[in-house]
Amino acid sequence: MRKLISLLLALGVLSACANNSAATKSAPVAPKATAIGNGRTIFLTGKDSQGFRINAQHPPLRASCAACHGANGAGGVHLPGGAVSADLRQKALASVKPAYTLQSLERAISTGVDNQGKPLNPVMPRWRMTPRDLHDVAEFVQTLR
């Protein structure tokens with residue numbers, strides 16, 4: 001009888017652990033709204049949603065995307081050397097050929113290579129961030145109207 005009770009208790013503990021483990025494994029990943037929120041924070045402040053500063057390959061002229069492209073992404077800011085910040089709103093990104101995609105935006109942000117494979121003006125920082133942060137900020141840029 002004791003062996004039966006011990007066995008039942010052990011099975012109960014294992015079952016509870018398995019249920020807890022399954023709940024942990026099936027927990028949803030961050031929803032898209034959270035990713036867009038992180039991207040917005042990075043774009044506007046130069047920090048991710050946890051407060052970590054986004055760095056660049058070389059020190060950027062300004063600390064955030066919005067400081068050059070504007071909070072709405074319209075661009076038009078005159079920068080040293082005659083550069084003018086690009087319009088990042090959806091209509092502008094879709095009007096160039098080929099149109100910017102999420103992947104080409106990520107490449108432009110992180111490596112300074114445009115949608116046609118050409119280098120962007122060196123004044124554009126080559127931002128260094130986690131793949132998640134890079135994806136989030138590129139997704140956010142795609143929401144700019």
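In case you missed it, the structure is sitting above this.
Throughout what follows, the structure given in this document is the object of discussion. Throughout, a residue's number is its position along its own chain's written sequence, starting from 1. Side-chain atom pairs in this predicted model are given and counted only at pLDDT of 80 or more, local residue features only at pLDDT of at least 70, and totals for whole chains, interfaces and linings cover all residues. Excluding hydrogens and water, the side-chain values take into account all heavy atoms of the structure.

1. Describing the overall build of the chain
Runs of E in the DSSP output that reach at least two residues are strands. Runs of H or I that reach at least four are helices, and both are numbered from the N terminus. Helix and strand content of the chain: six helices and two strands. When the helices and strands of the chain are placed in sequence order, the string is α-α-β-α-α-α-β-α. Counting every position in the chain, which comprises 145 residues, the buried fraction comes to 32%. The contact definition used throughout considers only heavy atoms, calling two residues in contact when any of these lie within 4.5 Å. Nonlocal contacts in the chain, meaning residues at least 24 apart in sequence, comprise 43% of its contacts between residues at least 6 apart. Put simply, the chain shows about 9100 Å² of open surface, and 63% of that area lies on carbon and sulfur atoms. Buried means the residue's accessible area, taken with a 1.4 Å probe over protein chains only, is under 20% of the maximum for its type, while exposed means over 50%, and partly exposed covers the values in between. Only the protein chains shown count as cover for residues, and all accessible areas are computed by the Shrake-Rupley method using a 1.4 Å probe.

2. Some remarks on helix 5 (residues 102-111)
In terms of burial, helix 5 is a largely internal element, seven of the ten residues being buried. Listed in full, the buried residues belonging to helix 5 are Leu102, Ser104, Leu105, Glu106, Ala108, Ile109 and Ser110. Residues of helix 5 that are buried make contact with helix 4 (90-95), strand 2 (127-128) and helix 6 (131-141). Residue glycine 112 follows helix 5 closely and has a positive phi angle near 75 degrees.

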